[in-house]
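Chain residues, written in single-letter form:
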Amino acid sequence: MCSSDLAATYGAAIEQIAAAYGETWVLYRLAVRVHRPPRKRERITVETWPCGRERLYAVREYRALSADGATLAEGASAWLALDLATRRLSREPRTPLDPCAARPRAWPDAFRGHLPAVDDGPARAFEVRRGELDVNGHVNHVHHVAWALEAAPPSLWQSARPVEVAMEYTAEARAGDPKIGRAHV
C-alpha cells in the first residue's frame, strides 16, 4: 500500500484534512545523511515511519537499506500544519496523525536548534516554475535541495560529494517568485 493510500485510511490524506479541518501539511525541516550511495542497479529498500509530534511539528523518518540490510542513508522531516484560510501555522493542529505514530526516533538530534543563515556561501538565483510546485502550491522540497547543490562551485563537485543536507523552510515559495539557492560548504 502506498503512503497516500495509507494516509487516507486514517483520514490524514492532504485532500481529506483540507476538507475536514481547513489545514494542510507543509515541510518545515529536512535532514538527510548519506553513508554510502547505492551502486548502479543495486536493489534497495526504503523505510519510512511517523514518530509523532514534537512541539508544533509532526516528525517522519526515513532509511534506505542495501540488500544485506546495511544503512545507505537516513533522513528526518518535520511537518507543520498550515491553516489554509489564514496561511498561518496552526498552533493547535486538528489534523490527525497516524495512530501507529509511537515509533521512536532513529535520528533524535536531526533538528537540534535552528540552522544558521547562509549569507556567505556561493549563491545563484532561480525563478520558481509551475512544474516545481507541490499540491499546496509551494516549491517541492526536492527542488530546494537541487538549487542548493547547483549553487555549489564546480571545484567542490570535482573534489567532494555531498554526505549531509539540512534544510529549514521559513516562508512560502510560489510560482514566479525569485529565490536564491545557496550552498554552505
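Computed from a prediction, not measured in an experiment: that's the story for all the values here. (Residues numbered from 1 in each chain as written. Predicted model: local features only at pLDDT ≥ 70, side-chain atom pairs only at ≥ 80, totals over all residues. Heavy atoms only, no water.)

A. Fine view of the nonpolar core. Counting 14 residues, the largest nonpolar core has Y57, A110 and F111 as its most contacted members. Looking at this core, the elements that each hand over two or more residues are β1 (23–34), β2 (45–54), β3 (57–65) and β4 (71–83). The residues touching F111, leaving out its near neighbours within four places in the chain, are R29, L30, A31, Y57, V59, A76, S77, A78 and R105. (Core = buried A, V, L, I, M, F, W, Y, C linked by side-chain atoms within 4.5 Å. Buried < 20%, exposed > 50% of the residue type's maximum accessible area, 1.4 Å probe, protein only. Helix = DSSP H or I, 4+ residues; strand = E, 2+ residues; numbered from the N terminus. Contact = heavy atoms within 4.5 Å.)

B. Looking closely at the pattern of salt bridges. Under the definition given, this model contains seven salt bridges. One salt bridge in this structure joins R63 and E47, with 3.2 Å as the shortest N-O distance. With R63 in strand β3 and E47 in strand β2, this residue pair connects regions lying 16 residues apart in the sequence. On the accessibility criterion, E47 (27% relative accessible area) is partly exposed. (Salt bridge = Lys/Arg side-chain N within 4 Å of Asp/Glu carboxyl O.)

C. Seen up close, unusual backbone geometry. The phi dihedral of R41 is positive, around 65 degrees, even though this residue is not glycine. Mapped onto the elements of the fold, R41 is located in the loop between β1 and β2. R41 sits in the exposed class, given a relative accessible area of 77%. Positive phi is not limited to glycine here, since R55 has a value of about 55 degrees. Mapped onto the fold, R55 is located in the loop between β2 and β3.

D. Just the packing of aromatic side chains, in detail. All told, the structure shown has two aromatic pairs when counted by the stated rule. With a centroid separation of 5.9 Å and an interplanar angle of 40 degrees, the aromatic rings of Y28 and Y57 are classed as tilted. Taken together, the residues span a long stretch of sequence, with Y28 in strand β1 and Y57 in strand β3 at a distance of 29 residues. The buried category is assigned to Y57, whose relative accessible area is 6%. Feature note: the residues Y28, Y57 and F111 constitute an aromatic cluster, connected by ring pairs. (Phe/Tyr/Trp six-rings, centres within 6.5 Å; stacked < 30°, edge-to-face > 60°.)

E. Fine view of the pairing of β3. Here eight bridges tie β2 to β3, and the two strands are oriented antiparallel to one another. Bridge assignment links P50 to a residue of β3, and that residue is R60. Where β2 hands over to β3, the hairpin turn is made up of two residues, of which R55 adopts a positive phi near 55 degrees. Bridge analysis of β3 against β4 gives eight bridges, and the strand direction is antiparallel. Bridging from a neighbouring strand, R60 pairs with S77 of β4. In this structure, the hairpin formed by β3 and β4 is closed by a connection of five residues, where G69 is found at a positive phi of approximately 90 degrees. (Pairing = 2+ DSSP bridges.)

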